[in-house]
Amino acid sequence: MILAKANSSPPIKLAEFLEQNKKVDKVHYPGLKSNKYHKIATKQMRGYGGMFSFEVKGGLKNAKIVLENLNICTLGASLGGVESLIEMPGNTSHMNIPEEERKEIGIVPGFVRLSVGIENVDDLIADFSNALESN
């Protein structure tokens, strides 16, 4: 694993990459100018943090394929380490909530949560690019 350099780009580069990828429906991250909370987050925060979520086109089946094809991110039920961790709440933390209720709160099939770690952002982007192309 290649660790991020002190002067490398923040996790926003990965969020921007995912937002522009044709295999991703939506990215939920206050650091993106397209996010409805961007202005308020900019006023309240000095940075936007390393955690965000995104929705893979094609729902659960395609999201599972993406997660299975990542090499850098580790599948984790808890997103609190220094390494990049990824999970699908619909299959883990929220699996006991009925599907209709999950959809109401935004946990749709293909919804993925990501905690960006200290790895080199270019390595992460390459890993996600490869994984997204696998479905």
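Computed from a predicted structure; not experimentally measured.

Colleague: Which residues make up the overall build of the protein chain, and what values go with them?
Modeller: Counting its secondary structure elements, the protein chain contains five helices and five strands. The order of helices and strands in the protein chain, counted from the N terminus, is α-β-α-β-α-β-β-α-β-α. By the compact-globule yardstick of 14 Å for 135 residues, the protein chain fits well, its C-alpha radius of gyration being 14 Å. Counting only C-alpha atoms, the protein chain reaches 45 × 35 × 30 Å along its principal axes. Of all 135 residues assigned to the protein chain, the portion counted as buried reaches 39%. A fraction of 69% describes how many contacts in the protein chain between residues 6 or more apart in sequence connect residues 24 or more apart. By element, 52% of the accessible surface of the protein chain is carried by carbon and sulfur atoms, the whole surface being about 7,900 Å². Side-chain charges of the protein chain comprise 16 positive and 16 negative groups, with the mean position of each set lying 7 Å from the other.

Colleague: So what's going on with the side chain of Asn 62? Residues and values would help.
Modeller: Along the chain, Asn 62 falls in helix α3 (residues 59–68). Among the polar contacts listed, one links the side chain of Asn 62 to the backbone oxygen of Lys 57, at a separation of 3.0 Å. Aside from chain neighbours lying at most four places away, what touches Asn 62 is Val 56, Lys 57 and Asn 135.

Colleague: Hey, could you go over helix α5 (residues 121–133) for me, with residue numbers and the actual values?
Modeller: Taking 1.5 Å of rise per residue, 13 residues should cover 18 Å, and α5 covers 18 Å from first to last C-alpha, within 8% of that figure. Two to three positions downstream of the cap, the backbone nitrogen of Asp 122 sits 2.8 Å from a side-chain oxygen, assigning the N-cap of α5 to Asn 120.

Colleague: Give a detailed account of the pattern of salt bridges, specifying residues and quantitative values.
Modeller: Taken as a whole and judged by the stated rule, the model has four salt bridges. The salt bridge partner of Arg 113 is Glu 87, with a shortest N-O separation of 3.1 Å. Placement of Arg 113 in strand β5 (residues 111–115) and of Glu 87 in strand β4 (residues 85–87) is noted, with a sequence separation of 26 residues between them. Its relative accessible area of 2% is what places Glu 87 among the buried residues.

Rules of the game
Residues numbered from 1 in each chain as written. Predicted model: local features only at pLDDT ≥ 70, side-chain atom pairs only at ≥ 80, totals over all residues. Heavy atoms only, no water. Helix = DSSP H or I, 4+ residues; strand = E, 2+ residues; numbered from the N terminus. Rg over C-alpha atoms; globule rule 2.2 N^0.38 Å. Buried < 20%, exposed > 50% of the residue type's maximum accessible area, 1.4 Å probe, protein only. Contact = heavy atoms within 4.5 Å. Areas by Shrake-Rupley, 256 points an atom, 1.4 Å probe, with all protein chains shown as cover. Lys, Arg positive; Asp, Glu negative; His and termini not counted. Charge placed at Lys NZ, Arg CZ, Asp CG, Glu CD. Polar contact = N/O pair within 3.5 Å; in protein donor to acceptor, adjacent residues only side chain to side chain. Expected span 1.5 Å × (residues − 1). Salt bridge = Lys/Arg side-chain N within 4 Å of Asp/Glu carboxyl O.

Take it as geometry only, folks, not as evidence of what the structure does.
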